[in-house]
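# Notes for the structure review
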Amino acid sequence: GAGVSQSPSNKVTEKGKDVELRCDPISGHTALYWYRQSLGQGLEFLIYFQGNSAPDKSGLPSDRFSAERTGGSVSTLTIQRTQQEDSAVYLCASSLGLAGRETQYFGPGTRLLVL
Amino acid sequence: DQQVKQNSPSLSVQEGRISILNCDYTNSMFDYFLWYKKYPAEGPTFLISISSIKDKNEDGRFTVFLNKSAKHLSLHIVPSQPGDSAVYFCAAREGDISGYALNFGKGTSLLVTP
């Protein structure tokens, strides 16, 4: 596709439920990132995938958060037993994944509201 | 612990004037800095970047200045246009390798009035 796409665009869920957020990176981009932006905060790094390497999970806030990337393309971020503090905009970005400084291209985000 | 700080949550500038957005950082290992622009309901879009070996980078109406000794960078927009109204995020990266996570500030909301 022309850009990074994310679905759903909005998600309302009840506390304790699991949610799955999807990201389709730009075709040919091997690096994929998840960030989240809580109200009044900057973007917070969650997890990074590069090709077939083990992901960098250093930003995940708890073990309720997990992500996978199938076939080196689409990624799913899963939040189990959601809490109200998980409410945020979840942003996915991708980049070429080549050596050197690269621009990360962001999707429009998924707005998650946990009631 | 916020390593990238944008201390002005908002800024209002008249059309045609200069907009100056400021950013401070605390991590001396940061060596690459970026500015992103974000419209409502859209993801951030890359605007301009600067390497730590430079002190200035210019792209059209946008110029980024880096003062390493002060750990400070600024984005200048001149002349400002109403379409520049958006939230601007400063971001920094540690290392010169593809794939390092970006550290973002909280953003500055710029309003350019006609």
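Preceding this paragraph is the structure being described.
The present account deals with the structure reproduced in this document.

Parameters at a glance
- Residues numbered from 1 in each chain as written.
- Chains lettered and ligands numbered in written order.
- Predicted model: local features only at pLDDT ≥ 70, side-chain atom pairs only at ≥ 80, totals over all residues.
- Heavy atoms only, no water.
- Pairing = 2+ DSSP bridges.
- Helix = DSSP H or I, 4+ residues; strand = E, 2+ residues; numbered from the N terminus.
- Axes fitted to C-alpha atoms, helices over the stretch in contact; angles between N-to-C directions.
- Contact = heavy atoms within 4.5 Å.
- Buried area = accessible area lost by both parts, 1.4 Å probe.
- Salt bridge = Lys/Arg side-chain N within 4 Å of Asp/Glu carboxyl O.
- Nonpolar A, V, L, I, M, F, W, Y, C, P; charged D, E, K, R; others polar.
- Buried < 20%, exposed > 50% of the residue type's maximum accessible area, 1.4 Å probe, protein only.
- Core = buried A, V, L, I, M, F, W, Y, C linked by side-chain atoms within 4.5 Å.

## So, the sheet that holds strand S3 (residues 19-24) of chain A
All names here are of chain A. Spatial strand order, S1-S3-S7-S6: four strands in an open sheet with antiparallel pairing. A strand with exactly one partner marks an edge of an open sheet, and here the two such strands are strand S1 (5-7) and strand S6 (65-69). Each neighbouring strand pair of the sheet contributes to a mean axis angle of 15°, computed without reference to strand direction. Bridge count for S6 against strand S7 (residues 75-79) is five bridges, and the pairing is antiparallel.

## Some points on the interface of chain B and chain A
Listed as interface residues are 22 residues of chain B and, on the opposing side, 23 residues of chain A. Around 1,800 Å² of area is buried between chain B and chain A when both sides are counted, 52% of it from carbon and sulfur atoms. Between the two partners, chain B and chain A, sit zero salt bridges. Going through the elements one at a time, strand S4 (30-38), strand S5 (45-51) and strand S9 (86-94) of chain B are the ones with two or more residues in the side of chain B that touches chain A. Sorting elements by how many residues they give to the side of chain B that touches chain A places S4(B) first, with four residues. In terms of residue class, the side of chain B that touches chain A is built from eleven nonpolar, five polar and six charged.

## What to know about the pattern of salt bridges
Once the charged atoms of two side chains with opposite charge are near each other, the side chains can pair. Within the structure shown, the criterion is met by five salt bridges over all chains. Salt-bridge contacts for Arg22(A) lead to Asp24(A); the nearest nitrogen and oxygen are separated by 2.8 Å. For Asp24(A), a relative accessible area of 21% corresponds to the partly exposed category. Of the charged contacts in the structure, one is a salt bridge between Lys56(B) and Glu58(B), with a shortest N-O distance of 4.0 Å.

## Looking at the sheet that holds strand S8 (residues 72-77) of chain B
All names here are of chain B. The strand order across the open sheet formed by five strands is S1-S3-S8-S7-S6, and the pairing between neighbours is antiparallel. The open sheet terminates on both sides in strands that have one partner only, identified here as strand S1 (4-5) and strand S6 (56-59). Judged from the six bridges that link them, strand S7 (residues 62-67) and S8 form a sheet pairing that is antiparallel. The residue bridging Val64 from the neighbouring strand is Leu75, located in S8.

## Considering the nonpolar core
Grouped together as the largest cluster of nonpolar side chains are 23 residues, with contacts concentrated most on Phe33(B), Trp35(B), Leu73(B), Leu75(B), Ile77(B) and Tyr88(B). By residue number, the principal contributor to this core is S9(B), which donates four residues. Discounting chain neighbours no more than four positions away, the residues touching Tyr88(B) are Gln6(B), Leu21(B), Trp35(B), Tyr36(B), Lys37(B), Leu47(B), Leu75(B), Ile77(B), Gly107(B), Thr108(B) and Leu110(B). If you look at the next biggest cluster of nonpolar residues, it comprises 20 residues, including Leu21(A), Ile26(A), Leu46(A) and Phe49(A).

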